[in-house]
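Spelled out from the first residue to the last, the chains are:
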Amino acid sequence: MTDPIKDHITSRSEQVPVVSDTDVVVIGAGPAGLSAAVSAARNGARVTLVERYHHLGGMASGGMVLVLDDMVNEGNEVVTTGIVSEFVERMERQDGAVYPPSADCLTNWEMWRKWSRWGCIDFHKQGMPQPIIHAVAFDPDVWKRVSLDLVREAGVELRTHSWFSEALMDDGRITGVIVQTKLGRQAIRAKMVVDASGDLDVASSAGASFITGQFIVTTVFRLMDVDTARAEAFEYENPEEYKKLDREARRVIGGAWGMWWLKTPLPGVVWCNCPHMPGYDGLSPEHMVEAEYEGRRRMMALLDFARKNLPGFENARMLGAAEQMGIRQTRLLQGEYVVTRDDVRKRRHFADSVCRGRDYYTPYRALLPKGIDNLIVAGRHYSVESEAQKQSREIPPCMAQGEAAGVAVTQALNAGCALRDVDVTAIQKQMRAQGADPGDLPSANALVADAVDA
Ligand SMILES: Cc1cc2nc3c(=O)[nH]c(=O)nc-3n(C[C@H](O)[C@H](O)[C@H](O)COP(=O)(O)OP(=O)(O)OC[C@H]3O[C@@H](n4cnc5c(N)ncnc54)[C@H](O)[C@@H]3O)c2cc1C
C-alpha cells in the first residue's frame, strides 16, 4: 500500500475545556477497561471511563467475539474469576450466556457432539475428540447491557463518544488526557491513568516504549436462519462428505480456525470468527478500509457457498458484520518486564503475578511502562512479545488484568506512591478478597523452579 502522507502542517494551540477532574481515568471500555473502572470504583476511587464508541465491550461486543476462552488451566480449574465470573452470572440471568456444566467437561464423543459447536473445547489439545472445558458462549448485546449496569452501579462517570487523542505530561507524570468529541477537544484531569485502549494509544502518546506487532484481522459476522440441528446431524452422520465441504468452505472464506461457525444463545444465529486476513495494520485507516472491502467480499462468498452446499444453511441470511474490525494485535508495551513466549508456554510463575489466564501468569511489572509513575496498562497491548501475545490475549485474562489494574491504582492513590512502588502482596490480597485469582499460588503444573521474580 502506498504511503498516504503528503505533507505536514503545524496545528494551532487552543483553550481546552476541562470536563472532568478525577482520581482515575480509564481509556477504553473493552473487557480490560470496563473491569479496571469497576474495580477501581469499588475500591473507593472516583473514576471516569472514556470510550470512543457508543457501546461498551470493545472486541467482546462491537467486535462480536462471542466465546470467553482461556478460563481454565489444564486441571480444569477455573482461573479467571472475580469480575469475569460476575459478568458470566449476570449474562446468564439475561439468557445471554451458555456453557457446559462441570459434569459435562469430559473428553468423549457424546460431550463433543453436545458442546463443540458452542466453542467450549480445549483447542490447544491435539487429537479428537478434544476435551470439553469451561468456556462461555455469549450474546454481544447482553454484554453491552451488563457493562452499563456494572458501570452505573459502581458509580463510574461514563464518557462515551470521546476519542482519546493526547496524554498531558508533566515531569514524568500524566496529568490528564485530551479527548476529541463532536463538541471539540475536551480535557480530563486525573491522578492515575489506565490505558485500556487495546492499541496502547495513551502509553505511546506519553512516550512509553513499545513495539508494533501484527496478527491476522477479521471481519467477524453472524448468520441467521441456520438450522443448526440439521447442520450438526449432517456433520456427524456424513463425516467424510462433511469434511470435503468444510475444506471448500474454508477455501472460500480464505482462512478460519477449526470451526468456522459456532452456535450463539440466539436460536438459528451462528457466529463466524473468520476470515483470517494477514498483512493489515490495525492502526492504519487505509489498511482498515481495504480489510473492510476484502472481509465483506469474502463473507458474502461464504454465505453463497453455504446456502448452495451445506445442509442446514439452505435458508441462511447475513445478520451482519461486527461494528468493529477484529484487531488482535497492534502496539505492545515494552515495560518493566516483557512476557516471553517461553513464559507463556512453560507456564512460568512469577512472584509478582497479579492475574492469570489458562496456564500463564501475568507479573505486575508487565502492566507498568518504564519511567511513568502514574500510568498502568491492561488488556491485549500489555508488555509482551508479539508471539506470546497471540497466546495470552483472550477476553477473560484481559478482564483479570483490568481488575488488577483497578486495584493497583487505588492502592497507589491511598499510599500516595508511584504505581511501581505499590506493595504487590496487597494487590494479590485484594484480588482474592474480590473473588479473583491473582495467580500468587502457582498451580501444580506451573514452572516455579526458575521463576523470574520481582
Ligand atoms: C477476531 C477476533 C477473535 C477473537 N476470538 C476470541 C475468542 O474466541 N475468545 C476470547 O476470549 N478472545 C478472543 N479474541 C481476543 C479478545 O477479543 C481481545 O484480545 C480482547 O477483547 C482484548 O480486550 P481489551 O479490553 O484489551 O481490548 P479491546 O477489546 O480492543 O477494547 C479496547 C476498547 O478501547 C476503546 N478504544 C480504543 N482506542 C480508543 C481511544 N483512542 N479512545 C477511546 N476509546 C478507545 C475501544 O473502542 C474498545 O472499547 C479475539 C479477538 C479478535 C479480534
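What counts and what doesn't
Residues numbered from 1 in each chain as written. Predicted model: local features only at pLDDT ≥ 70, side-chain atom pairs only at ≥ 80, totals over all residues. Heavy atoms only, no water. Pairing = 2+ DSSP bridges. Helix = DSSP H or I, 4+ residues; strand = E, 2+ residues; numbered from the N terminus. Near = heavy atom within 4 Å. Polar contact = N/O pair within 3.5 Å; in protein donor to acceptor, adjacent residues only side chain to side chain. Areas by Shrake-Rupley, 256 points an atom, 1.4 Å probe, with all protein chains shown as cover. Nonpolar A, V, L, I, M, F, W, Y, C, P; charged D, E, K, R; others polar. Domains from an automatic or database assignment. Contact = heavy atoms within 4.5 Å. Salt bridge = Lys/Arg side-chain N within 4 Å of Asp/Glu carboxyl O. Disulfide = S-S within 2.5 Å. Buried < 20%, exposed > 50% of the residue type's maximum accessible area, 1.4 Å probe, protein only.

**Regarding the sheet that holds strand 4 (residues 97-98)**
Then comes step 1: Strand order in this open sheet of three strands is 3-5-4, and the pairing throughout is antiparallel. Two strands in the sheet have a free side with no partner beyond their single neighbour: strand 3 (67-68) and strand 4.
Then comes step 2: Relative to strand 5 (residues 136-138), strand 4 runs antiparallel, the two being bridged by two bridges. Paired with alanine 97 across the bridge in strand 5 is phenylalanine 138.

**Focus: the site of the ligand**
Then comes step 1: The full set close to the ligand counts 32 residues, and Glu51, Arg52, Val67, Asp201 and Arg393 are the nearest of them.
Then comes step 2: Separating an oxygen atom of the ligand from a side-chain N or O atom of glutamate 51 is a distance of 2.6 Å.
Then comes step 3: Contact between the ligand and arginine 380: an oxygen atom at 2.9 Å from a main-chain N or O atom of the residue.
Then comes step 4: When the ligand sits alone it has 1000 Å² of accessible area, and the protein chains cover 98% of it.
Then comes step 5: Counting residues per element, the ones that place at least two in the shell around the ligand are helix 1 (31-42), strand 7 (163-170), strand 16 (326-327) and helix 11 (395-415).
Then comes step 6: At three residues, the largest contribution of residues to the shell around the ligand is made by helix 11.
Then comes step 7: Tallied by class, the residues present in the shell around the ligand amount to 15 nonpolar, nine polar and eight charged.
Then comes step 8: Composition of the shell around the ligand by domain shows at least three residues from each of domain 1 (18-61 + 144-213 + 330-434) and domain 2 (216-327).

**Considerations on the domain arrangement of the chain**
Accessible area lost upon the coming together of the parts serves often as the stated size of an interface.
Then comes step 1: Looking at the assigned domains, one finds that the chain contains domain 1 (18-61 + 144-213 + 330-434) and domain 2 (216-327).
Then comes step 2: For domain 1 and domain 2, the distance between their C-alpha centres works out to 32 Å.
Then comes step 3: Contacts between domain 1 and domain 2 engage twelve residues on the former and seven residues on the latter.
Then comes step 4: Counting every contact that joins domain 1 to domain 2 gives one salt bridge.
Then comes step 5: In this structure, glutamate 323 and lysine 144 form a salt bridge, with 3.2 Å as the shortest nitrogen-oxygen distance.
Then comes step 6: Along the contact surface separating domain 1 from domain 2 lie two residue pairs in polar contact (both at pLDDT 80 or more).
Then comes step 7: Class assignment of the residues belonging to the side of domain 1 that touches domain 2 gives a composition of two nonpolar, five polar and five charged.

**Re the pairing of strand 8 (residues 173-181)**
Then comes step 1: For strand 7 and strand 8, the ladder comprises seven bridges, and the chain directions are antiparallel. Looking at the pairing, phenylalanine 164 lines up with valine 179 of strand 8.
Then comes step 2: Linking strand 7 back to strand 8 in an antiparallel pair, the connection comprises two residues, with aspartate 171 at a positive phi of about 55°.
Then comes step 3: Sheet analysis places strand 8 next to strand 9 (residues 184-195), joined by six bridges and oriented antiparallel. Bridge pairing in strand 9 links isoleucine 178 to alanine 187.
Then comes step 4: Connecting the antiparallel pair strand 8 and strand 9 is a turn made up of two residues.

**Considerations on the environment of aspartate 104**
Then comes step 1: Considering the arrangement of structural elements, one finds aspartate 104 in the loop between strand 4 and helix 3 (109-115).
Then comes step 2: For aspartate 104, the contacting residues outside a window of four places in its chain are Met111, Lys114, Trp115 and Ile132.
Then comes step 3: A polar contact of 2.9 Å, which involves the side chain of aspartate 104, links it to the side chain of tryptophan 115.

**Describing the state of the cysteines**
Then comes step 1: Considering all chains together, one arrives at zero disulfides under this definition.
Then comes step 2: Left unpaired, cysteine 274 is separated from the closest cysteine sulfur, that of cysteine 272, by 5.2 Å.
Then comes step 3: No disulfide involves cysteine 355; its nearest neighbouring cysteine sulfur is the one of cysteine 398, lying 9.2 Å away.

**Comments concerning the side chain of aspartate 23**
Then comes step 1: Within the secondary structure, aspartate 23 is located in strand 1 (residues 18-27).
Then comes step 2: We classify aspartate 23 as buried; its relative accessible area is 12%.
Then comes step 3: Of note is the side chain of aspartate 23, whose polar atom sits 2.9 Å from the backbone nitrogen of arginine 46.
Then comes step 4: Those residues within four positions of aspartate 23 in sequence are excluded, and the remaining contacts are Ala45, Arg46, Ala190, Lys191, Met192 and Leu413.

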